[in-house]
Amino acid sequence: MIQIRTADLNDIPEITSVFRDTIINISTKHYSEKQTTAWASGADKIKDWEKRISKLYFIVAEIDKIIVGFAYLKNGNYLEGLFVHKDYQRQGVGSKLLRIMESQVMMNDFEVFKSDVSKTALPFFDNKYFNVIKIQKKSVKGVMLENYLVEKQM
Ligand SMILES: CC(C)(COP(=O)(O)OP(=O)(O)OC[C@H]1O[C@@H](n2cnc3c(N)ncnc32)[C@H](O)[C@@H]1OP(=O)(O)O)[C@@H](O)C(=O)NCCC(=O)NCCS
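What comes next concerns the included structure. In this text the structure is predicted, and so the values were computed from the model without any measurement. (Residues numbered from 1 in each chain as written. Predicted model: local features only at pLDDT ≥ 70, side-chain atom pairs only at ≥ 80, totals over all residues. Heavy atoms only, no water.)

The next point concerns the overall build of the protein chain. Secondary structure assignment for the protein chain yields 5 helices and 7 strands. Starting at the N terminus and ending at the C terminus, the protein chain contains elements arranged as β-α-α-α-β-β-β-α-β-α-β-β. Considering only C-alpha atoms, the protein chain reaches an extent of 40 × 35 × 30 Å along its principal axes. The proportion of buried residues among the 154 residues of the protein chain is 47%. Look at the contacts in the protein chain between residues 6 or more apart in sequence, and 62% of them connect residues 24 or more apart. For the protein chain, the exposed surface amounts to about 8,600 Å²; the carbon and sulfur share of it is 49%. Distance between charge centres in the protein chain, computed from 23 positive and 19 negative side chains, equals 4 Å. (Helix = DSSP H or I, 4+ residues; strand = E, 2+ residues; numbered from the N terminus. Buried < 20%, exposed > 50% of the residue type's maximum accessible area, 1.4 Å probe, protein only. Contact = heavy atoms within 4.5 Å. Areas by Shrake-Rupley, 256 points an atom, 1.4 Å probe, with all protein chains shown as cover. Lys, Arg positive; Asp, Glu negative; His and termini not counted. Charge placed at Lys NZ, Arg CZ, Asp CG, Glu CD.)

Per the counting criterion, the structure on display carries 9 salt bridges. For the salt bridge of Arg-52 with Glu-80, the shortest nitrogen-to-oxygen distance reads 3.9 Å. With Arg-52 in helix H3 (residues 46–55) and Glu-80 in strand E4 (residues 78–84), this pair connects stretches of sequence that are 28 residues apart. Judged by relative accessible area, which is 27%, Glu-80 ranks as partly exposed. As a salt-bridge pair, Lys-137 and Glu-146 come within 3.7 Å of each other at their nearest N and O atoms. The exposure class assigned to Lys-137 is exposed, which follows from its relative accessible area of 59%. (Salt bridge = Lys/Arg side-chain N within 4 Å of Asp/Glu carboxyl O.)

Time to look at the sheet that holds strand E3 (residues 66–74). Read from one edge of the open sheet, 7 strands run E1-E2-E3-E4-E5-E7-E6, paired in mixed fashion. Two strands in the sheet have a free side with no partner beyond their single neighbour: strand E1 (3–6) and strand E6 (131–140). In this sheet, neighbouring strand axes are inclined to one another by 25° on average, regardless of whether the strands run parallel or antiparallel. Summarising the sheet, E3 and E4 pair through 6 bridges and their orientation is antiparallel. What sits directly across from Lys-74, in E4, is Tyr-78. Strand contacts of H3: strand E2 (57–63), E3 and E4, with the helix running at about 95° to E2, the strand carrying the most contacts. (Pairing = 2+ DSSP bridges. Axes fitted to C-alpha atoms, helices over the stretch in contact; angles between N-to-C directions.)

The topology assignment puts Ile-66 in strand E3. A relative accessible area of 36% places Ile-66 in the partly exposed class. Distance from Ile-66 to Gln-153, taken between C-alpha atoms, is 33 Å for residues 87 residues apart in sequence. For Ile-66, the residues in contact, after removing those within four places along its chain, are Glu-14, Ala-61 and Tyr-88.

The next thing to look at is the pairing of E6. Here is the key point about a regular strand: its side chains alternate between the two faces of the sheet. Bridge count for E6 against strand E7 (residues 143–153) is 9 bridges, and the pairing is antiparallel. Directly across from Val-140, in E7, lies its bridge partner Val-143.

This brings us to helix H1 (residues 12–25). An α-helical turn contains 3.6 residues, so any two residues separated by three or four positions project in the same direction. Across its 14 residues, H1 extends 20 Å between first and last C-alpha, which sits within 8% of the 20 Å expected from 1.5 Å per residue. Among all positions of H1, only Ile-12, Ile-15, Thr-16, Val-18, Phe-19, Thr-22 and Ile-23 are buried. Taken down its axis, H1 places every buried residue within 155° of arc, on the same side. Of the surrounding secondary structure, the elements contacted by the buried residues of H1 are helix H2 (33–40), H3, E2, E3 and E4. (Expected span 1.5 Å × (residues − 1). Arc of directions from axis to C-beta.)

What follows is the structure, encoded as structure tokens:
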């Protein structure tokens, strides 16, 4: 049973573990070790996580009180992060988090839902009817990472 609730600051250790472990274990299929190490180091920027949790719409998914995924929304219609625990992939956690984010975007009165997604996540967003608008390169700690700007009409 997947439970959804808003995140609070006490969740930071679990959220950052999910973030780091998912990148290191799942995204290494699509990115080099140098790229995933740079990307995963974002887990250590605790001040940034505190800001995200206190200022953005930030939700977590739990199974048996374990955080198995999280997602957060910026500017009302931009999905800035969606991560599912490495041991709970392909169990519907990402779909449930995305459904709730979509409802939030509609409640915020936006007609377009946007995100920048990794190569790893692209098949998931394709399955959810997002279109690729462009392929782009982002610098993380001086390392270039390719990702995709995707959009969906609500
Ligand atoms: C992308 C991600 C969030 C998907 O979460 P998830 O809980 O595994 O997704 P779901 O179980 O809800 O998948 C729903 C459907 O999407 C599609 N899908 C999901 N992952 C897929 C994959 N790796 N390859 C192909 N299709 C995939 C499938 O159609 C799947 O349905 P099915 O399992 O019945 O075939 C998760 O894989 C993840 O955390 N990836 C790494 C982190 C990341 O890159 N996040 C995005 C950065 S913004």
